[in-house]
Amino acid sequence: MSQSDVKVRIASVKNIQKITRAMEMVAAARLRRAEQRISSLRPYAGAIRRMTRQAAEAAGGELGALPILKEHENEGTVAILLVTADRGLAGAFNSQILRAGIRAGTEYEENGKKVVYYATGRRGVSSLAFRGKETAGAYTGFTDRPAYANAREIAEALVAAYVDEKVDRVEIFYNGYVSPLVQEVRRETLLPLQQATILEGNDEENDGADEPTGHHALVEYEPDPADILKRLVPDYVEISVFRALLESTASEHGARMTAMRNASENAGEVITDLTLEMNRVRQAEITQEIMEVVAGAEALV
Amino acid sequence: MARSTFTAEVLTPEGEVFNGEVEMVSTRTEVGSLGILGNHQPLLGMLAPTALRLYQSETDIVTFAQGEGYVQVADNHVLVLVEDAIPSGDLDVADLRDKVSRAESEIAEAEEGSEAQAKARRDKRRWETFIAVAEGPAPTAS
């Protein structure tokens, strides 16, 4: 390799490093915003949870009569929602979701069940298409900054499919946000609610708000608790989907930040190696030239 | 005469949009219009789309277009949980009309009596109410 070849390579690696470093910084800024959104959702999600519990207690035995709360007798069709990103370059972020989701889907299929895939994010949608899996619902273009309306669209499609008995079980796969460096694949069952952990008391996150219990008897309901639940439960599903979207977004930026930091570091190492290589080549060329001069001088003597 | 004040909080999934002392909260549940004054009895209500008005004083009124949601009154504190709460000045009528016509075509396409159709009907009602909030001071009950 000649000196100029090495120079060209160093320049191109430097350019790549600039890009990866910029992407890392963009991801870091977006990560901070995504984290804030998770924390601003918490009070709302906590209040919805408390209300559902309160209304469920008041409704008592009427719960089974609601189609959304009814467990289907035959669990023949399973809906799997894969939450991925629109863009790659985020390490194993997308592939680990696809792997986990498709593995679970294959398991269901082996047990003679039908699997319906739903996916968010272009990566998930196109990978499913590539593998020949049909998607019943594909939602793309918002994973950078999901809005509540996106979650509502997805949740309503899932709830409608469940109530209309097109599917008998709904599962969601997403990257749970643990820290900027750590994302874990989470698998949650959204419906039927009896199998979801949604109605159980203390969730992992304690929202710390004071719970005004103890005076249920005095509470006025407008309309009946059962009627309230009819809509509160789908809202619960929406909130769960929204939380998954937000966590996935935060995880995506975290994963990209880490991936890009590694890439920048690698680029730095490559540049060091190439610089050494270039010095060696240059020295070799100089030595070569001296030898030629000396050899030429000797020939004249 | 000054009314007694109480705290009101409006939360959406995107975060808090209002938190402060008010004299009255005016909204609408699925059953009918509702005005909440200080020392209201505990209540859990399901809200319908309407104009949500928070009276900080007789003349100082904060108005939002509210989507479906819930209201909880406990210990002289009003908690309004809604999916959408758009300040009345920020509504985009053209965009809302677009959404109404989209909902109408969804109603026509969906299977009669299905959940998908019920959802489209709710969408239509919500966006129509928002238009009413944007256009006039007094939205009519749908």
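Residues numbered from 1 in each chain as written. Chains lettered and ligands numbered in written order. Predicted model: local features only at pLDDT ≥ 70, side-chain atom pairs only at ≥ 80, totals over all residues. Heavy atoms only, no water.

**Some thoughts on the overall build of chain B**
How we decide: Secondary structure is summarised from DSSP: a helix means a run of H or I of at least four residues, a strand means a run of E of at least two, and numbering begins at the N terminus for each. We compute the radius of gyration over the C-alpha atoms and compare it with the globule rule, which gives 2.2 Å times the number of residues raised to the power 0.38. The cut-offs for exposure are 20% and 50% of the maximum accessible area for each residue type, with area from a 1.4 Å probe on protein chains only; residues under the lower value are buried, those over the upper are exposed, and the others partly exposed.
Scanning chain B for helices and strands turns up two helices and 10 strands. Walking chain B from its N terminus toward its C terminus, one meets helices and strands in the order β-β-β-β-β-β-β-β-β-β-α-α. Taking 142 residues into account, the globule formula puts the C-alpha radius of gyration at 14 Å, and chain B, at 16 Å, falls close to it. Counting all 142 residues of chain B, 51% fall into the buried class.

**Section: the environment of Arg 122 of chain B**
Relative to the helices and strands, Arg 122 of chain B resides in helix H2 (residues 115-135). Each C-alpha atom, one on Arg 122 of chain B and one on Gly 67 of chain B, is 9.9 Å from the other, the two residues being 55 residues apart in sequence.

**Some words on the sheet that holds strand S3 (residues 135-139) of chain A**
Residues and elements named next belong to chain A. Here is the rule: Strand pairing requires that DSSP identify at least two bridges connecting the strands. The axes used here are C-alpha line fits, helices contributing only the stretch in contact, and every angle between their N-to-C directions lies in the interval 0 to 180 degrees. Contacts are residue-level and defined by heavy atoms, with any inter-residue pair within 4.5 Å sufficient.
Within the open sheet, the five strands sit side by side as S3-S2-S1-S4-S5. Their pairing is mixed. Two strands close off the open sheet at either side, each with one partner strand: S3 and strand S5 (182-191). Strand-to-strand twist in this sheet, taken as the mean axis angle between neighbours without regard to direction, amounts to 20°. For strand S1 (residues 77-83) and strand S2 (residues 114-120), the ladder comprises seven bridges, and the chain directions are parallel. Directly across from Val 78, in S2, lies its bridge partner Val 115. Each of S1, S2, S3, strand S4 (169-179) and S5 is contacted by helix H4 (residues 148-163), which is oriented at about 165° to S2, the strand it contacts most.

**Comments concerning the pattern of salt bridges**
When the charged atoms of two side chains with opposite charge come close together, those side chains can pair. To keep things clear, this is the line we draw: Only one rule defines a salt bridge in this text: a Lys or Arg side-chain nitrogen within 4 Å of an Asp or Glu carboxyl oxygen.
According to the stated counting rule, one finds 23 salt bridges over all chains in the structure shown. Because the salt bridges share partners, they merge into one network encompassing Arg 231 of chain A together with Glu 30, Glu 68, Asp 123, Arg 125 and Arg 126 of chain B.

**Some details on the interface of chain A and chain B**
Accessible area lost upon the coming together of the parts serves often as the stated size of an interface. This is how the line gets drawn: When two parts are put together, the accessible area they lose, computed with a 1.4 Å probe and summed over both, is reported as buried area. Pairing of N or O atoms within 3.5 Å defines a polar contact, subject to two protein rules: one partner must be a possible hydrogen donor and the other a possible acceptor, and residues neighboring in sequence count only if both atoms are side-chain atoms.
The partner chain B presents 37 residues to the 32 residues of chain A that form the contact. Both sides together, the interface formed by chain A and chain B hides about 3,000 Å², and carbon and sulfur atoms give 58% of it. Applying the counting rule to chain A against chain B returns three salt bridges. There are 12 residue pairs in polar contact (both at pLDDT 80 or more) connecting chain A and chain B.

**A closer look at the UniProt feature "domain: ATP synthase F1 complex delta/epsilon subunit N-terminal" (unreviewed entry) in chain B**
Put simply, the rule reads: UniProt positions are given in the numbering used here, feature names are shortened, and annotations may be inferred rather than shown by experiment.
Those residues carrying the UniProt feature "domain: ATP synthase F1 complex delta/epsilon subunit N-terminal" (unreviewed entry) are residues 7-85 of chain B in this numbering. Annotated as residues 7-85 of chain B, this span is 0% helix and 67% strand, and its ends, taken at the C-alpha atoms, are 18 Å apart.

**A few points about the confidence of the model for chain B**
Here is the rule: A score between 0 and 100, pLDDT records how confident the predictor is in each residue.
Here chain B averages 85 in pLDDT, and 94% of its residues register 70 or above. Of the two predicted TM-score estimates for the complex, the pTM is 0.72 and the ipTM is 0.76.

**Looking at the sheet that holds strand S4 (residues 33-36) of chain B**
All names here are of chain B. One open sheet holds the five strands; their spatial order is S4-S3-S6-S7-S10, and the pairing between them is antiparallel. If you trace the sheet from one side to the other, it starts and ends with S4 and strand S10 (85-87), each paired once. Strand-to-strand twist in this sheet, taken as the mean axis angle between neighbours without regard to direction, amounts to 25°. Of the pairings in the sheet, the one linking strand S7 (residues 61-66) to S10 comprises three bridges and is antiparallel in character. Residue pairing for S10: Ala 65 is matched across the bridge by Ile 86.

**Concerning the packing of aromatic side chains**
Rules: Paired rings are identified among Phe, Tyr and Trp, the last through its six-membered ring, by centres lying within 6.5 Å, and are further divided according to the angle between planes into stacked (under 30 degrees), edge-to-face (over 60) and tilted (the rest). Two conditions define a charge located above a ring, namely a distance within 6 Å from the ring centre to NZ of Lys or CZ of Arg, and an angle within 35 degrees of the ring normal.
Considering all chains together, one arrives at two aromatic pairs over all chains under this definition. A ring pair is formed by Tyr 148 of chain A and Phe 242 of chain A, whose centres lie 5.1 Å apart and whose planes are at 85°; its orientation type is edge-to-face. With Tyr 148 of chain A in helix H4 and Phe 242 of chain A in helix H5 (residues 225-300), this residue pair connects regions lying 94 residues apart in the sequence. No difference in accessibility class separates Tyr 148 of chain A from Phe 242 of chain A, as the two residues are buried. Their ring planes at 85° and their centres at 5.6 Å tell us that Trp 127 of chain B and Phe 130 of chain B sit as a pair that is edge-to-face. Taken together, the residues Trp 127 of chain B and Phe 130 of chain B, both in helix H2 and three residues apart, mark about one turn of the helix. Just as Trp 127 of chain B is buried, Phe 130 of chain B falls in that class too. It is Lys 99 of chain B that lies over the ring of Trp 127 of chain B; its NZ or CZ is 4.4 Å from the centre. The ring of Trp 127 of chain B is capped by Arg 126 of chain B, whose NZ or CZ atom sits 4.8 Å from the centre of that ring.

**Some remarks on unusual backbone geometry**
Omega for the bond connecting Glu 222 of chain A with Pro 223 of chain A falls within 30 degrees of zero, at -5°, which places this linkage in the cis form. Mapping Pro 223 of chain A onto the fold places it in the loop between strand S6 (220-222) and H5. Even without a glycine there, the phi angle at Asn 39 of chain B is positive, about 55°. One can find Asn 39 of chain B in the loop between S4 and strand S5 (43-47). The exposure class of Asn 39 of chain B is exposed, given its relative accessible area of 63%. A positive phi angle, near 55°, is found at Asn 76 of chain B, a position not held by glycine. Of note, Asn 76 of chain B is situated in the loop between strand S8 (69-74) and strand S9 (77-82).

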